[in-house]
Structure formats: C-alpha cells, structure tokens
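Read off the chains here:
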Amino acid sequence: MMSPIPADPGYMAPRQAMINKWSAENHQAKPRVRPEAEEIAKTHQGSVGLLLELQGKPVYRPPPKPKPQPKDFGNANVKKMRQVQAANRRRQREETAEKTQPVKVLPQSEKYKEVPSKLSEHLKKDAPPPRPQSANYLRSHSRTGGAPRQRGRSPSPGPAAPRRRSPSPAPRSQSAAELRGSGDVNFVAHNARSVKKYQPPRAPSAMSQQALEAKRKYDEVTYKKGQVPKYLQNRQNQWKKEEDDRIRNTPDPDMPPGHRKMPNDERKKTLQILKDKEKELMNELHQLPIHTETLRAKMRRKEVEGKIAEVEEAIKIFSRSKVFVKIDS
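Residues numbered from 1 in each chain as written. Predicted model: local features only at pLDDT ≥ 70, side-chain atom pairs only at ≥ 80, totals over all residues. Heavy atoms only, no water.

1. Some points on the overall build of the protein
- For the protein, the helix and strand inventory stands at eleven helices and four strands.
- A burial count over the protein gives 9% of its 329 residues as buried.
- In the protein, the share of contacts with a sequence separation of at least 24, taken over all contacts with a separation of at least 6, comes to 72%.
- Working note: accessible area of the protein is about 32,000 Å², and carbon and sulfur atoms make up 56% of it. (Helix = DSSP H or I, 4+ residues; strand = E, 2+ residues; numbered from the N terminus. Buried < 20%, exposed > 50% of the residue type's maximum accessible area, 1.4 Å probe, protein only. Contact = heavy atoms within 4.5 Å. Areas by Shrake-Rupley, 256 points an atom, 1.4 Å probe, with all protein chains shown as cover.)

This is the structure in structure tokens:
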C-alpha cells in the first residue's frame, strides 16, 4: 500500500490474523507499508482535514435528543371535566327541548267518536255508603277493646284518683268522622300504660348457660371433620337405589317382543350349573372305553357327546352380557 491515506483498521484485521498465523508457523511476513507512510499521510492531509478536526475531535456533533416533556395531568383533568360538563349541558338542553315540544295527538277514529267513556260514567255515580264492618278496618287500637282514653289535661303530681271499673267495655266508634269529632286520641298515655304492663323476657340462668356451653363444646369435639354427614349418605343411597330401579325397569332396545331380560344373578347361576354339567359329562366320556365294539357302548358314547355339544352351546349363550328369555303365554 503506497497511498498516503492510511489503511482501514477493519481491512487490516484479517491481515493481522493471518500474520499471527504465519508467526505461529515460524514464517516472517514482509510489511507492505513503508515506515514513512504515516509522515507522508500527514503531509498530504491538506487544510480541509485540519478544519474538520479540532484537537483530535471532529467538529460536527449530532444534535442531542430532546427530553420528553412531563405530562401535565392537571390540565388533562380540567379538559376532561369541561368535556363532561359540556356533554351534560347538551343533554339537558335536549331534554328541555323534548319537554317543551307538544305531545303528538294520536289519530282518533271517527267510528268511536260518539261512544261515551265508561270511566266518566263510573265517576258520575254516587259513592256507596260505608259498610259497618269496615268502620274499624286498619284503625289503631281496633282490636284492644275500644279507643284509648281521650287527651285531657295533664295529670297533677298528687295522688291518683281511684278508677271506676265500667260494667261493660266501651263501645266502638262506627266511623272515622265520629272519632275525629269526639277528640284527639292520647297515644302517649296509651303507650305509657303499655310500657308499665310490659314484662321483659326472663334472662337464662347460670346453670342453663353452662349446660348450653358444655353441649356446644361436646358437639365440637365429637364432630368428625371431613366426613359426609349421615343424612347425606342416606340421601346418596336413596338416589343410587332409585337410579338402579330406573335402569332395571327401562326396557332394553335390543330385546325382541315377547321376551324378557334375565337378571344378571340368575344368568350367572345358570352358567355355573351348565359348567358343572359339562365337567360331569366330560368325566363320564373319559370313563368310556376307547375301542367300543358293542352297539350299546357306541350308542352311549354318541349320547354323551351330543349332550356335551348342547351344554357347550348353552354356555356360549349364557356367557353373553344380555340374555333374553321368551315369556310363557
């Protein structure tokens, strides 16, 4: 490289790696740049290079990145509040405009224009007279034997005058107008007399409280946590029994007409009987002589073999999960 411009460091990196490799292999690489190359480069740099450098640092610097401005949440909240207020005012104006608009009159048919209103006829009639049994309906103290004592002057703090017991209860008023005319009812005095007659409930005794506390502690100790209560177990057993009955009574779709499904217990019992019968016949067959010359022995072997075939066929049938038996007519 005889150029006055120095070589790129990135360009020299692979070369340096190769030089190190050659050094490891005891090879001496010849330098391709003369020692005076740096001095020649500085001599031919010119005035433009000096202007672009200031004490070894470039004059041009990139502009700094602007810092993010902090968000003003107060102004944002005020702006949002003003928007909500404007929406409310607009909605209020719309509601006021709807109220001021006249109600649209519905079209009326000329056919029923002369028909009188039943409500107007009902209003023109006179009100029915009040019933005697309704005079005291929902009236205060109507079930206590008459109205309370009328309001009078306040009693003096002196000794109370003896009361005269009336031979018969006070008569009830027949109407609200008579009650209003007789005077106001002294509800305060009536409530005061009721308070005097009131008996508070009896407080529980110490023994009863101790018994209740002992029962509560006994229930806490004897209670078995994590165990299903007995009433729930009974309910679960009942549900299981009902489900079994429903499944047992549900007709099988595979069952042909005029047949019934044999219960599983009966089927297993019959299957066991057939297997025992098969074993018995096989033992009897093994006891027969191998070479049979007489007619009776041949007939007996043939009979035993036929029974074994029938039992094997029956075992195949009763080994199935469903066995249908014909109903006897």
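Back to the text.
2. Regarding the layout of surface pockets
- In this structure, the second largest pocket spans a volume of roughly 440 Å³.
- The wall of the second largest pocket is formed by 16 residues, among which Ile 247, Arg 248, Asn 249, Thr 250 and Lys 261 lie closest to the centre.
- Broken down by secondary-structure element, the contributors of at least two residues to the lining of the second largest pocket are helix H9 (230-249) and helix H10 (264-287).
- The dominant element in the lining of the second largest pocket, judged by the number of residues it contributes, is H9, at four residues.
- Each residue belonging to the lining of the second largest pocket can be placed in one class, and the counts come to six nonpolar, four polar and six charged. (1 Å grid on protein atoms, 1.4 Å probe; cavity = no way out; pocket = protein on both sides within 12 Å on 5 of 7 lines; lining within 4 Å. Points joined across faces, edges and corners; volume = space filled by probe spheres on them. Nonpolar A, V, L, I, M, F, W, Y, C, P; charged D, E, K, R; others polar.)

3. Quick look at the pattern of salt bridges
- Per the stated rule, a full pass over the model turns up seven salt bridges.
- One salt bridge in this structure joins Glu 284 and Arg 300, with 1.9 Å as the shortest N-O distance. Taken together, the residues span a long stretch of sequence, with Glu 284 in helix H10 and Arg 300 in helix H11 (residues 295-318) at a distance of 16 residues.
- Here Glu 284 falls in the partly exposed class, since its relative accessible area comes to 23%.
- The closest approach of N and O atoms between Glu 303 and Lys 307, which form a salt bridge, is 3.6 Å. Here the residue Glu 303 and the residue Lys 307 both occupy positions in helix H11, the gap between them amounting to four residues, near one helical turn.
- By relative accessible area, which is 35% here, Lys 307 ends up partly exposed. (Salt bridge = Lys/Arg side-chain N within 4 Å of Asp/Glu carboxyl O.)

4. Overview of a positive patch on the surface
- A surface patch of like charges, here positive, comprises Arg 89, Arg 90, Arg 91 and Arg 93.
- Relative to the helices and strands, Arg 93 resides in helix H4 (residues 73-100).
- Judged by relative accessible area, which is 54%, Arg 93 ranks as exposed. (Patch = residues over 30% accessible without salt bridge, like charges linked within 9 Å, V, L, I, M, F, W, Y side chains within 5 Å. Lys, Arg positive; Asp, Glu negative; His and termini not counted. Charge placed at Lys NZ, Arg CZ, Asp CG, Glu CD.)

5. A look at the packing of H10 against H11
- Their axes nearest at 9 Å, the elements H10 and H11 cross at an angle of 155 degrees. Between H10 and H11, the angle falls in the class roughly antiparallel. Read as a crossing pair, H10 and H11 show a hand that is left-handed. Taking contact as the criterion, the partners of Arg 267, Thr 270, Leu 271, Leu 274, Lys 275, Lys 277, Glu 278, Leu 281, Met 282, Glu 284 and Leu 285 in H10 are, on H11, Arg 300, Arg 301, Val 304, Glu 305, Lys 307, Ile 308, Val 311, Glu 312, Ala 314, Ile 315 and Phe 318.
- In terms of residue class, the contact of H10 with H11 is built from eleven nonpolar, one polar and ten charged. (Axes fitted to C-alpha atoms, helices over the stretch in contact; angles between N-to-C directions. Parallel < 35°, antiparallel > 145°, perpendicular 65-115°, else oblique. Left-handed = near helix turned anticlockwise from the far one by under 90°.)

6. Describing the side chain of Arg 267
- Positionally, Arg 267 belongs in helix H10.
- Asp 265 provides the closest opposite charge to the buried, unpaired Arg 267, separated from it by 8.1 Å.
- If near-sequence neighbours (up to four positions away) are discounted, Arg 267 is found in contact with Met 262, Phe 318, Ser 319, Arg 320, Ser 321 and Val 323.

7. Side note on a nonpolar patch on the surface
- On the surface, Val 228, Tyr 231 and Leu 232 cluster together into a nonpolar patch covering about 290 Å² of accessible area.
- Looking at where Leu 232 falls in the secondary structure, it is placed in helix H9.
- Given the relative accessible area of 34%, Leu 232 is considered partly exposed.

8. So, the nonpolar core
- Grouped together as the largest cluster of nonpolar side chains are twelve residues: Met 262, Leu 271, Leu 274, Leu 281, Leu 285, Val 304, Ile 308, Val 311, Ala 314, Ile 315, Phe 318 and Val 323.
- When residues of this core are traced back to their parent elements, those giving at least two are H10 and H11.
- By residue number, the principal contributor to this core is H11, which donates six residues. (Core = buried A, V, L, I, M, F, W, Y, C linked by side-chain atoms within 4.5 Å.)

9. Quick look at H11
- If you check H11, its first and last C-alpha atoms are 35 Å apart, about what 24 residues at 1.5 Å a residue would give, namely 34 Å.
- Within the span of H11, buried status applies to Ala 297, Val 304, Ile 308, Val 311, Ala 314, Ile 315 and Phe 318.
- Of the surrounding secondary structure, the elements contacted by the buried residues of H11 are H10. (Expected span 1.5 Å × (residues − 1).)

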